[in-house]
Amino acid sequence: TVIPISISILLGTWLVARHSLVMGAVVLIWAILMFAYNVFSSKIKLPFDNERAQSFSKVIGSISDAVSNVVNIYLFTAKSSENEKVIEEIEDARKKNTKSWQVGEWTFLVQNVLVFLCEFAVIAISVARWKSGNMTVGEVIFVQGILLTIFRGTFNMGHVIRRVFEAASDAHEILEIMDMVPE
């Protein structure tokens, strides 16, 4: 999916640049910034994803332990302590999942601010060129359509990058579990 997205972004930038080199430069610089920001923010979010994956593994371990020892738990009246242990693990996992989600939402906020700034710059340049007679209304609309395609492509690219980092985090947790020595 990365190659088609990259091609659509480059082609869209080229089409915008055909109408104005300044607009093309703005869009190209913006696309590079978005790609760099997506990689940077995914690296920032990776530790939170690792903590989330580890806490989910602990929850699964606690529940598995409780289910496999259910008879002993009831025989030796350890039900309340086992319940507390599982509830603590679930609450910890919820907090870490929420923190990971919040970091991801801040990423989306910054992306949307970058989109707004690019859109504002291109609209300002388009209106100035339209007023001076160097661009028609149809060309302004065409450029806006191209921008929407580019924006969608960069958001998709960001999604792909984040999914790769999240999958790496989950894979790291799985490998750590596989390397553990059984008790």
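Our structure is the block above this text.
Here the structure is a predicted model, which means the values were calculated and not measured.

A.B. asks: Give a detailed account of the pattern of salt bridges, specifying residues and quantitative values.
C.D. replies: Enumeration over the complete set of coordinates arrives at 6 salt bridges. Close ionic contact of D49 with K45 constitutes a salt bridge, the shortest N to O distance being 2.9 Å. One end of the pair, D49, and the other, K45, are both in helix 2 (residues 21-68), 4 residues apart, so they sit about a helical turn from each other. Like D49, the residue K45 is buried in the burial classification. Between D92 and K96 there is a salt bridge whose closest N-O contact spans 3.3 Å. Of this pair, D92 and K96 both sit in helix 4 (residues 79-131), 4 residues apart, roughly one helical turn. By relative accessible area, which is 26% here, D92 ends up partly exposed. Among the residues examined, K96 registers a relative accessible area of 24% and is labelled partly exposed. Residues joined by salt bridges that share partners form a network here, namely K45, D49, R52, R163 and E166.

A.B. asks: Give a description of the packing of helix 2 against helix 4 that names residues and reports values.
C.D. replies: Put simply, helix 2 and helix 4 touch, their axes get as near as 8 Å, and they point 175° apart. Between helix 2 and helix 4, the angle is such that the two are roughly antiparallel.

A.B. asks: Go over the nonpolar core with me, naming the residues and quoting the values.
C.D. replies: Within the largest apolar cluster, 25 residues are counted, with the highest numbers of intra-cluster contacts made by M23, V27, W30 and V122. Going through the elements one at a time, helix 1 (2-19), helix 2, helix 4 and helix 5 (137-179) are the ones with two or more residues in this core. In terms of residue count, the dominant contributor to this core is helix 5 (9 residues). Discounting chain neighbours no more than four positions away, the residues touching W30 are L114, V115, C118, I150, F151 and T154.

About the thresholds
Residues numbered from 1 in each chain as written. Predicted model: local features only at pLDDT ≥ 70, side-chain atom pairs only at ≥ 80, totals over all residues. Heavy atoms only, no water. Salt bridge = Lys/Arg side-chain N within 4 Å of Asp/Glu carboxyl O. Helix = DSSP H or I, 4+ residues; strand = E, 2+ residues; numbered from the N terminus. Buried < 20%, exposed > 50% of the residue type's maximum accessible area, 1.4 Å probe, protein only. Axes fitted to C-alpha atoms, helices over the stretch in contact; angles between N-to-C directions. Parallel < 35°, antiparallel > 145°, perpendicular 65-115°, else oblique. Core = buried A, V, L, I, M, F, W, Y, C linked by side-chain atoms within 4.5 Å. Contact = heavy atoms within 4.5 Å.

Don't take any of this as a statement about function, it's just geometry.
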